[in-house]
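Coordinates in review
Here is how the chains run, residue by residue.
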Amino acid sequence: MLSFLAHRRACAAKQREREERIRALPAEYHAPLSAGDKELLARPAADIVAGVQAGALVPVDVLRAYGKQALRAHAATNCLTEVLIAKAEGWAKASNVQGPLAGMPVSVKDTVAFEGEDACIGYSAWVGRPMARDSALVRLLKDAGAVPFVKTNVPITLLSFESANDVFGTTTNPHSKGYSPGGSTGGEAALLAYGGSRLGIGTDVAGSVRAPAHFSGIYTIKASSFRFLRSGNSTSMPGQEGIPAVYSPMTRTLEDLEMFWKAVVGMKPWEYDHSCVPIPWREVDLVSGKPIRWAVMWDDRVVAPSPACRRALETVVSELTARGHEVVELDPPSPYEGFKIGSQILLAEGGKLSTKPIRWGETNDPGVRETRVAFALPRFVKRVYAWYLRHIKRDDTYAGIVEACTYKDIEQYLALVAKREGYREQWHQKLKEEAIDFVLTVPNALPATAHREMKTGFKGCGYTFLFNILDYSAGILPVTHVDKELDTLDAHAFKPRNAIERDMYKLYDATKMHGLPVGVQIVGKKWEEEKVLEAMKLVEGLLRESGKAYTLLEPIE
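Residues numbered from 1 in each chain as written. Predicted model: local features only at pLDDT ≥ 70, side-chain atom pairs only at ≥ 80, totals over all residues. Heavy atoms only, no water.

Turning our attention to the packing of aromatic side chains. In the structure shown here, the tally under the stated rule is 14 aromatic pairs. An aromatic cluster is defined as three or more aromatic residues linked by ring pairs; in this entry it consists of Phe 228, Trp 261 and Trp 281. Here Lys 142 stacks its cationic end above the ring of Trp 91, 4.0 Å away from the centre of that ring. A cation over an aromatic ring shows up here: Lys 526 above the ring of Trp 527, its NZ or CZ 4.7 Å from the ring centre. (Phe/Tyr/Trp six-rings, centres within 6.5 Å; stacked < 30°, edge-to-face > 60°. Lys NZ or Arg CZ within 6 Å of the ring centre and 35° of its normal.)

This is the structure:
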């Protein structure tokens, strides 16, 4: 009971602090957007930086325009956690006006550490425990002239495609309030989609920047491990290196994504963070080089893409083939086997680390809660249930997942890491033998899922998690929106192959999902972020030429 009372007090105190910080801001932040504000918000990040460098723009003015819009985004979606705008005014006035990010506001996931500020990531027990110093990422951003100004919401445990916790509440999708903006970097995606920021940063261990980009209609490239700064921040799973979480940029437009990546890498992040590999930004030319060979993965053989997601992928494939690009169908090493290996490494301790800080009475994510229950069941019960699934229900897929929900000792863990390396080698050989440059696939079998559906929805992370297991660079490009006329599921023809697919498709309703964004995933090999970016530019250019370019959300004032 004492723990629950402490939980309630911490949540109330944090929410009160957020409200007071917003209320105490200068009157300009509470005024309607001016014509000048709207003009600034419409400009690409590169133009704003150039304006600041030339002395034509003042960083504080830029901050105030974005601060106003961020507060509007928060009022609409509950996307913000730590409101740093008051401090950011000082940072803006002292910013490096000749840096590669001169005067540009940057929003970040709640995990990112600022000296003197909490990074509680939704745990009430961590409220009131400010970080001792700026993380490597924050130091680089400030040196580059950027103005960090807000932090954004996450799910408790950071292991969900929903962004909800008792401390900060639930973040909604700016396209439709009843749906999730994604997770675990969902607050960031909602803010960017609403236009309250252009440049943001999140983390990804199983799709946590890519699912939000897909759900919310924004852009990202998940970095390969050690390409982007990560040291000195908060995390729900300290020491978990089997499937490393990676920090990665998220942006409102593809143009902004290129500018942001180049600016950060140009600052030599390896001089700020010991974990970063010293790879400078490399210019890539996909137009005048050898012909590009694309491979499309239509189905991971666990959950088939829904009609809306398949249509987006078909649109991209159709545009490429119509322009003479070679697109082949990929028969990959089993994504299911990769998922089993990766999930057992990621949750070798059964989710104990990420749930340890949770207090009595504190709301856990439904998917994580179900996983903890599965691990806690006696082994013989799981064996009996797996036998039933395999031999009575004829569901080998789900039976294999059930059997894998066991705690791993050191010997078992190391054996899984060895399997991971063998699995990576299979993919390496496959792409090399077939001369594949890029893999095209869906980011998720479904568009954004409704709130409180993660008991089922978390099981469908295979299309993103696969490329964490492989440690490949992977980008998300928004392509279209769900159309209730084009994307209806033929319920009579659909026959689920396993329990995971059956449960996932219970969440699909094209009529209710009408208008939600749908993206496509473009995947390169390890440390090929530059190539993936160029591939995204190529595909978006083709879509634009054919009149099929994605339309960004423009919130109605």
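We now examine helix H1 (residues 2-23). Side chains of residues three or four places apart in an α-helix project in the same direction, reflecting 3.6 residues per turn. Helix length check: H1 (22 residues) gives 31 Å between terminal C-alpha atoms against 32 Å at 1.5 Å per residue, within 8%. Buried residues along H1 sit in contact with helix H4 (59-77) and strand E1 (80-83). (Helix = DSSP H or I, 4+ residues; strand = E, 2+ residues; numbered from the N terminus. Expected span 1.5 Å × (residues − 1). Contact = heavy atoms within 4.5 Å.)

In this structure, the largest pocket spans a volume of roughly 810 Å³. Along the wall of the largest pocket there are 38 residues; nearest its centre are Leu 347, Gly 367, Thr 371, Phe 458 and Lys 459. Elements with a contribution of two residues or more to the lining of the largest pocket: helix H11 (335-346), helix H13 (366-376), helix H14 (379-392), helix H15 (396-404), helix H17 (454-457) and helix H19 (499-505). Ranked by the residues each element gives to the lining of the largest pocket, the list is headed by H13, at 8 residues. Classifying every residue of the lining of the largest pocket by side-chain character gives 23 nonpolar, 9 polar and 6 charged. In this model, the second largest pocket occupies a volume close to 430 Å³. As for the second largest pocket, its lining consists of 26 residues, and the residues nearest its centre are Arg 230, Ser 234, Thr 235, Met 237 and Ala 245. For the lining of the second largest pocket, the per-class residue count stands at 7 nonpolar, 15 polar and 4 charged. (1 Å grid on protein atoms, 1.4 Å probe; cavity = no way out; pocket = protein on both sides within 12 Å on 5 of 7 lines; lining within 4 Å. Points joined across faces, edges and corners; volume = space filled by probe spheres on them. Nonpolar A, V, L, I, M, F, W, Y, C, P; charged D, E, K, R; others polar.)

Further remarks concern the packing of helix H16 (residues 410-433) against helix H18 (residues 462-469). In contact at an axis separation of 10 Å, H16 and H18 are set at 100° when each is read in the N-to-C sense. In this view, H16 runs roughly perpendicular relative to H18, as classed from their interaxial angle. In this structure, H16 contributes Arg 420, Tyr 423, Arg 424 and Trp 427 to the contact, and H18 contributes Leu 466, Phe 467, Asn 468 and Ile 469. The residue inventory of the contact of H16 with H18, partitioned by class, reads 5 nonpolar, 1 polar and 2 charged. (Axes fitted to C-alpha atoms, helices over the stretch in contact; angles between N-to-C directions. Parallel < 35°, antiparallel > 145°, perpendicular 65-115°, else oblique.)

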